[in-house]
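The chain contents come next:
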Amino acid sequence: MIRLEHVSKTYKGTTAALRDLSVDIAKGEFVFLVGPSGSGKSTFLRLLTKEERPDDGRIWVAGKDIAHLSSWKVPFLRRNIGCVFQDFKLLPNKNVFENVAFALEVIGRPKHVIVSQVPQILDLVGLAKKRDNLPTELSGGEQQRVSIARAFVNRPLILLADEPTGNLDPSTSEGIMRLLDRINRTGTTVLMATHDRSIVDRMRRRVIELDHGQLVRDQARGVYGVATN
Amino acid sequence: MAIKVDYVARETFSNLKRNALMTAAAVLTVAVSLALVGSALLVRQAVSRATTQWKGGVELSIFMNPDATADEISTIDRQVHDMPEVKKVTYVDHTAAYDEFVRIFRDSPEFKESIQTPDQLPPSFRVVPQKAELVDSVGQRFVNGAGVRQVVYARDTIKTILKVTRFVTTFLWIVALVALMAASLLILNTIQLAIFARRREVGVMKLVGATNWFIRVPFMMEGLIQGLIGAAAAVGLMIGLRPFVQGQLKHIQLLQQFFVTSSQVLGTGLILLVLGSVIGAAGSAVAVTRFLDV
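Remember, it's a predicted structure, so these values are computed and weren't measured experimentally.

Visitor: For empty space enclosed by the protein, give the residues involved together with the corresponding values.
Guide: Applying the stated criterion across every chain, the model contains one cavity of 30 Å³ or more. Considering only enclosed or pocket space, the largest cavity measures out at about 100 Å³ in volume. Forming the walls of the largest cavity are 14 residues, and the residues nearest its centre are Ile-81, Gly-82, Arg-150 and Ala-151 of chain A together with Val-208 of chain B. Secondary-structure elements contributing two or more residues to the lining of the largest cavity are strand E6 (81-85) and helix H5 (140-152) of chain A together with helix H8 (199-208) of chain B. Among the elements that take part in the lining of the largest cavity, E6 of chain A stands out by supplying three residues, more than any other. Taken together, the residues of the lining of the largest cavity sort by class into nine nonpolar, two polar and three charged.

Visitor: Please provide a residue-by-residue account of the nonpolar core, values included.
Guide: All names here are of chain A. Ranked by internal contacts, the top residues of the largest apolar core, which has 81 residues, are Phe-32 and Leu-122. Other than its neighbours up to four places away in sequence, Phe-32 contacts Met-177, Met-192, Thr-194, Ile-199, Val-200, Met-203, Arg-205, Arg-206, Val-207 and Ile-208. Ranked by size, the runner-up nonpolar core spans 28 residues in total, among them Ile-2, Leu-33, Leu-45 and Phe-85.

Visitor: An account of the interface of chain A and chain B is requested, with residue identities and associated values reported.
Guide: Contact residues are listed per partner, giving 20 residues for chain A and 16 residues for chain B. With both sides pooled, the region where chain A packs onto chain B buries about 1,600 Å², and carbon together with sulfur makes up 62% of that total. Considering only the surface of chain A that becomes buried against chain B, Phe-102, Glu-105 and Val-106 of chain A emerge as the three largest contributors, covering 30% of it. Between the two partners, chain A and chain B, sit one salt bridge. Between Arg-10 of chain B and Glu-105 of chain A there is a salt bridge; the shortest N-O distance is 2.8 Å.

Visitor: Before we move on, can you summarise a nonpolar patch on the surface with the specific residues and values?
Guide: All names here are of chain B. A surface patch of nonpolar side chains, amounting to about 460 Å² of accessible area, comprises Val-164, Phe-167, Val-168, Phe-171 and Val-175. When you line up the elements, Val-168 lands in helix H7 (residues 156-197). On the accessibility criterion, Val-168 (34% relative accessible area) is partly exposed.

Visitor: A description of the sheet that holds strand E1 (residues 60-64) of chain B should follow, citing residues and the corresponding values.
Guide: Residue and element names in this part refer to chain B. On the basis of which strands lie adjacent, the open sheet formed by four strands has the order E2-E3-E1-E4 and antiparallel pairing. Each of the sheet's edge strands pairs with one partner strand only, and the pair in question is strand E2 (86-92) and strand E4 (148-153). The average undirected angle you get between the axes of adjacent strands in this sheet is 20°. Here E1 pairs with E4 via five bridges, running antiparallel. Bridge pairing links Leu-60 to Tyr-153 in E4. Together, E1, E2, strand E3 (124-129) and E4 form the strand contacts of helix H6 (residues 135-143), whose direction differs from that of E4 by roughly 170°.

Visitor: Residues and numbers for H8 of chain B, please.
Guide: Along H8 of chain B, the positions that sit buried rather than exposed are Glu-201, Val-202, Val-204, Met-205, Leu-207 and Val-208 of chain B. Buried residues in H8 of chain B make contact with helix H2 (74-78), E6, helix H3 (96-105) and H5 of chain A together with helix H1 (5-18) and helix H9 (212-250) of chain B. Where H8 of chain B terminates, the next one or two residues include Gly-209 of chain B, which has phi positive at roughly 95°.

Visitor: An account of the sheet that holds strand E4 (residues 56-61) of chain A is requested, with residue identities and associated values reported.
Guide: Residue and element names in this part refer to chain A. Judged by pairing direction, the sheet is antiparallel, and its four strands sit side by side in the order E2-E1-E4-E5 without closing on themselves. A strand with exactly one partner marks an edge of an open sheet, and here the two such strands are strand E2 (16-25) and strand E5 (64-65). Note: E4 against E5, two bridges, orientation antiparallel. Across the sheet, Val-61 pairs through a bridge with Lys-64, a residue of E5. In the packing of helix H1 (residues 41-48) onto the sheet, the strands contacted are strand E1 (2-10), E2 and E4, and the crossing angle to E2 comes to about 60°.

Visitor: Please give an account of the side chain of Gln-144 of chain A that cites residues and values.
Guide: In this fold, Gln-144 of chain A is placed in helix H5. Ignoring anything within four residues of it in the chain, the contact list for Gln-144 of chain A reads Val-84, Phe-85, Gln-86, Phe-88, Pro-164, Leu-168 and Ile-176 of chain A.

Visitor: Pulling in residues and values, what's your account of the packing of H3 of chain A against helix H4 (residues 111-124) of chain A?
Guide: Residue and element names in this part refer to chain A. Where H3 contacts H4, the two axes come as close as 10 Å, and the packing angle between them is 125°. Considered as vectors, H3 and H4 are oriented oblique to each other. The hand of the H3/H4 crossing is right-handed. Touching Val-96, Phe-97, Val-100, Ala-101, Leu-104 and Glu-105 of H3 are Ile-114, Gln-117, Val-118, Pro-119, Ile-121 and Leu-122, all from H4. Across the contact of H3 with H4, the residue classes tally to 10 nonpolar, one polar and one charged.

About the cut-offs
- Residues numbered from 1 in each chain as written.
- Chains lettered and ligands numbered in written order.
- Predicted model: local features only at pLDDT ≥ 70, side-chain atom pairs only at ≥ 80, totals over all residues.
- Heavy atoms only, no water.
- 1 Å grid on protein atoms, 1.4 Å probe; cavity = no way out; pocket = protein on both sides within 12 Å on 5 of 7 lines; lining within 4 Å.
- Points joined across faces, edges and corners; volume = space filled by probe spheres on them.
- Helix = DSSP H or I, 4+ residues; strand = E, 2+ residues; numbered from the N terminus.
- Nonpolar A, V, L, I, M, F, W, Y, C, P; charged D, E, K, R; others polar.
- Core = buried A, V, L, I, M, F, W, Y, C linked by side-chain atoms within 4.5 Å.
- Buried < 20%, exposed > 50% of the residue type's maximum accessible area, 1.4 Å probe, protein only.
- Contact = heavy atoms within 4.5 Å.
- Buried area = accessible area lost by both parts, 1.4 Å probe.
- Salt bridge = Lys/Arg side-chain N within 4 Å of Asp/Glu carboxyl O.
- Patch = residues over 30% accessible without salt bridge, like charges linked within 9 Å, V, L, I, M, F, W, Y side chains within 5 Å.
- Areas by Shrake-Rupley, 256 points an atom, 1.4 Å probe, with all protein chains shown as cover.
- Pairing = 2+ DSSP bridges.
- Axes fitted to C-alpha atoms, helices over the stretch in contact; angles between N-to-C directions.
- Parallel < 35°, antiparallel > 145°, perpendicular 65-115°, else oblique.
- Left-handed = near helix turned anticlockwise from the far one by under 90°.

The quantities given are spatial measurements derived from coordinates; they are silent on function.
As structure tokens, then:
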């Protein structure tokens, strides 16, 4: 599903963000991406959505070599990838329903698909009763659920989560992790960058650790830190 | 590509509303600049109509002495007829001159009585040259001819009028061009503001895989509509002001030929609408490519 071969990326005037990274992630896997700040986790994720280009190496996402993807096809690549962020990125002037519907609307889905899909996904994330609320009227955990609903409403093959629990307290985080786990069980590949040691230790999933842009650990049922930290 | 009409319409109009003040500024500038362009175009059309009229009638009169001999008259007559530059010659003899004199002064008997017989009036040749520019050279030939009293040109006034109108049109063009540039920049700026105001939405749209054109089209429509509304206002201004301007010009004898037809006004209006949409589309296209990193 995701495959990187000898990928390197350097931002101008800094040290390398990624150095000769090779990773292979199969369909349906749940993978934690861990490592200190600046270790290249975000760059990894941004390469997959083609927000960044690698200096070197090749990347396949959903069976496509994205280095040779012409720029007009990038939107269609992104329709296969749902993204969740630490800061939710919800639209403040739209209510819960509209925020989720927006994701379908702007990729040209017809109205009848929207009115059937959105309530279904809101049910899945447990926000069916809050569909008319604005984001400011929701707790952090609820906002993150809306953002997950938006990322998943189009049934993407891959879900990328960049520190989705970074702004949440431990018990709320646990709820979010249960939701991501449920999404993973539908067959969606989930790749989550995180600093949250307790979550990684509890879930016992595959862990990929980066340090200074290099792969230092790839463990099938890993914990947050063994060698370092 | 599935871009839905109702989505584009909704986004476009909510943008226009959100940016009401900037939109008004852009629309007004477009209107003023296009009104200037329109005036310049119309003045040019009126000038070309009037000058063909004037030029067709540009003539000179060679007045003979009242007592010029038949010999002198026929010499001049032959000379004029032999000139290739001359298009048309009419000889106005004593009787014809007298008839005209009587006609012109029929309401002033005391004036009429000052001339008793046709012999007292000078006969003349009315000469129309092939081209208006030749009037001078033709006239020069006869100034010192035997029996010639005076050569009169009817073109100095016209020359002045042409000079003035040329100046006016050039001035209008320059002002219009500067205003047009200002209008495009203002549209560019409004669209840039609209993009900035909606950067969150744009970010989400890119994230979930909206196509570039899907993101761009509402912004481009916004610019296009601003240009079109401005152009429509300019056309309205032109049509509204036309009767007034033409009414003023009617009172000036020399400018009677100085007018434009309704179809000319409509044609110019069409040009303005096209120009308006081009400015709007161009301004927003620049804004979209420069500030919408898609």
